[in-house]
Amino acid sequence: MPKVGIVISNYNGWQDTVQCLQSLEKQTFRDFEIILLDDASPNDSVARLREHLPPNTVFLPQEQNLGFAAVNNIGMRRALADGCEWALLLNNDTVAAPDFLETLLRQTPEGAVSCPKMLFLDPPDEIWFAGGELDRATGKVQHLGGHQKDGPAFAQAKQVNFITFCCVLLPRSVIERVGYLDETLFMYCEDVDYCMRLGDAGVPLWFLPDARIWHKAGGSAGGMLSVYYITRNTLYLTCKGKSRAYARLKAAGPLAAGAARYALTRLLGRRKGRSYGAFRGALDFWRGRMGRMQS
């Protein structure tokens, strides 16, 4: 049975996914399987990916678009069912150094969750993520080192309280204790929620810079959709466990601000964009609408 299940979700980005798979074929650590899911891509991703599957790949095309959280949960469950001791969630628009997996497994403390140093694919010496800081009160996160040149300042392993799920290594014991991703969110902020739950469970999170990947960044969504999900889901996380009245009060400010910005863009004759995403995200949270954004 494979030791690690590498879970990768694809949506319309088969070219990026093939590049990611090719980097995994060069890994020095070989005791792994790849669990590749296509989230009902409307393009020819499924056919294209079938042409480039490494031999140690389980390919699970989905008939409906389920969102990042749900498809990764399917992959994590498959990894555990296949007897894996670890599940590695990995974005499809990444390229891994050949010793990435070997280093991550060797350096991760027992019972901990970990991540590598994540650099931009272009330029490749610029930091995308070198650990993160999470403010639980606001649900906001900061990527440490973002857009700075790689160097000694980002060479030390350290504990953090946030890891982006662009790449995260989760032990079986942690998944069995903390559970799976919150599918209510559909996409975005599922890593914020999970890191909060890891903190509540006393699970340490480690940034391990000797392991490295390169991230294209921004491949799954952008603009209005990103703002919509981040606005709505951040409100959801900061109101989790609170009353409906509290949630509506919390949403009132972002809803009013989003409505004002969107009204201005309409007056200026602009198309729906980020201001609409902020308005709709707050409005849908106010209405109690979660899951996939409805048209």
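Everything numeric in this text was worked out from a predicted model, so none of it was measured.

S.K.: I tried to follow the overall build of the protein chain on my own but got confused; where do I start?
M.R.: Looking only at helices and strands, the protein chain has nine helices and 12 strands in total. Here the C-alpha radius of gyration of the protein chain, 19 Å, is about what a compact globule of 295 residues would show, namely 19 Å. Dimensions of the protein chain, computed from the C-alpha atoms along their principal axes, are close to 55 × 40 × 40 Å. Evaluated residue by residue, the protein chain yields a buried proportion of 54% over its 295 residues. Pairs at least 24 residues apart make up 76% of the contacts formed inside the protein chain by residues separated by at least 6 positions. Of the roughly 13,300 Å² that the protein chain leaves accessible, carbon and sulfur atoms contribute 51%.

S.K.: Explain the packing of aromatic side chains to me, please; I cannot follow it from the model alone.
M.R.: Each aromatic ring pair is summarised here by two numbers: the centre-to-centre distance and the angle between the ring planes. Summed over all chains, the structure comprises eight aromatic pairs. Judged by centre distance (5.7 Å) and plane angle (20°), the ring pair of F186 and Y229 falls under stacked. A residue pair is termed long-range when its members are at least 10 positions apart, and F186 in the loop between α5 (172-178) and α6 (190-200) and Y229 in helix α7 (residues 224-238) qualify at 43 residues. Comparing F186 with Y229 shows no difference in burial state: the two are buried. Pairing Y276 with F279 gives two aromatic rings, centres 6.5 Å apart and planes at 55°, and the pair type is tilted. Pair noted here: Y276 and F279 are both in helix α9 (residues 274-287), with a separation of three residues, about one helical turn. An identical accessibility class is assigned to Y276 and F279; each is buried. A connected cluster of aromatic rings, assembled from ring pairs, spans W128, F129 and F162.

S.K.: Help me understand the pattern of salt bridges, please; the structure alone is not making it clear to me.
M.R.: Any two side chains of opposite charge can pair, on the condition that their charged atoms come close. Across all of its chains, the model carries 12 salt bridges by this definition. Measuring nitrogen to oxygen at the nearest pair gives 3.3 Å for the salt bridge that ties D182 to K240. Of this pair, D182 sits in the loop between α5 and α6 while K240 sits in the loop between α7 and α8 (244-267), placing them 58 residues apart in sequence. Relative accessible area serves as the criterion here: at 12%, D182 is assigned to the buried category.

S.K.: Is there a simple way to explain the packing of α8 against α9 in this structure?
M.R.: To characterise two packed helices, one gives the angle between the axes of the helices and the distance between these axes. One can describe the packing of α8 onto α9 by two numbers: an axis separation of 7 Å at closest approach and a directional angle of 155°. When the axis of α8 is compared with that of α9, the two are roughly antiparallel. Crossing hand, α8 versus α9: left-handed. Contact with α8, carried on its side by R244, A247, R248, A251, A252, P254, L255, G258, A259, R261, Y262 and T265, involves S275, Y276, A278, F279, A282, L283, F285, W286 and R287 of α9 and no other residues of that element. Classifying every residue of the contact of α8 with α9 by side-chain character gives 14 nonpolar, three polar and four charged.

S.K.: Can you help me understand the pairing of strand β3 (residues 57-61) in this one?
M.R.: Within a regular strand, side chains alternate between the sheet's two faces. The sheet contact formed by strand β2 (residues 32-38) and β3 spans five bridges and is parallel. Looking at the pairing, I35 lines up with V58 of β3. Running through helix α2 (residues 45-50), the crossover from β2 to the neighbouring parallel element β3 is right-handed.

S.K.: Would you take a moment to explain the environment of Q107 for this structure?
M.R.: Within the secondary structure layout, Q107 lies in helix α4 (residues 100-107). When its relative accessible area of 26% is taken as the criterion, Q107 is described as partly exposed.

S.K.: Got a minute to help me understand α9 in this structure?
M.R.: Because an α-helix packs 3.6 residues into every turn, residues spaced three or four apart end up facing the same way. With 14 residues, α9 should cover 20 Å at 1.5 Å per step; its first-to-last C-alpha distance of 20 Å lies within 8% of that length. Among the 14 residues of α9, 11 are classified as buried, and the element is accordingly described as predominantly covered. For α9, the complete set of buried residues consists of S275, Y276, G277, A278, F279, R280, G281, A282, L283, D284 and F285. Elements in contact with the buried residues of α9: α7 and α8. Taken from the residues just after α9, G288 is the one with a positive phi, measuring 85°.

S.K.: I would appreciate a short explanation of the pairing of strand β11 (residues 167-171) in the present structure.
M.R.: With five of five residues buried, β11 lies mostly within the body of the structure. Along β11, one buried face is formed by C167, L169 and P171 and the opposite face, lined by V168 and L170, is buried too.

S.K.: Help me understand unusual backbone geometry, please; the structure alone is not making it clear to me.
M.R.: Comment: phi is negative for the bulk of residues other than glycine, and the bulk of peptide bonds are trans. The peptide bond linking D122 to P123 adopts the cis configuration, its omega dihedral lying at 0°. Inspection of the secondary structure assignment puts P123 in the loop between β6 (113-120) and β7 (127-129). Residue N12 is not a glycine yet carries a positive backbone phi of 70°. Position of N12 relative to the elements: it lies in the loop between β1 (4-10) and α1 (14-24).

S.K.: So what exactly am I meant to see when it comes to the side chain of S41 here?
M.R.: Note that S41 resides in the loop between β2 and α2. A polar contact is formed between the side chain of S41 and the backbone nitrogen of N12, at a distance of 2.7 Å. A polar atom in the side chain of S41 sits 2.7 Å from the side chain of D38. Residues in contact with S41, not counting those within four places in the same chain, are N10, Y11 and N12.

Conventions and cut-offs
Residues numbered from 1 in each chain as written. Predicted model: local features only at pLDDT ≥ 70, side-chain atom pairs only at ≥ 80, totals over all residues. Heavy atoms only, no water. Helix = DSSP H or I, 4+ residues; strand = E, 2+ residues; numbered from the N terminus. Rg over C-alpha atoms; globule rule 2.2 N^0.38 Å. Buried < 20%, exposed > 50% of the residue type's maximum accessible area, 1.4 Å probe, protein only. Contact = heavy atoms within 4.5 Å. Areas by Shrake-Rupley, 256 points an atom, 1.4 Å probe, with all protein chains shown as cover. Phe/Tyr/Trp six-rings, centres within 6.5 Å; stacked < 30°, edge-to-face > 60°. Salt bridge = Lys/Arg side-chain N within 4 Å of Asp/Glu carboxyl O. Axes fitted to C-alpha atoms, helices over the stretch in contact; angles between N-to-C directions. Parallel < 35°, antiparallel > 145°, perpendicular 65-115°, else oblique. Left-handed = near helix turned anticlockwise from the far one by under 90°. Nonpolar A, V, L, I, M, F, W, Y, C, P; charged D, E, K, R; others polar. Pairing = 2+ DSSP bridges. Right-handed = clockwise from strand over helix to strand, strands pointing away. Expected span 1.5 Å × (residues − 1). Polar contact = N/O pair within 3.5 Å; in protein donor to acceptor, adjacent residues only side chain to side chain.

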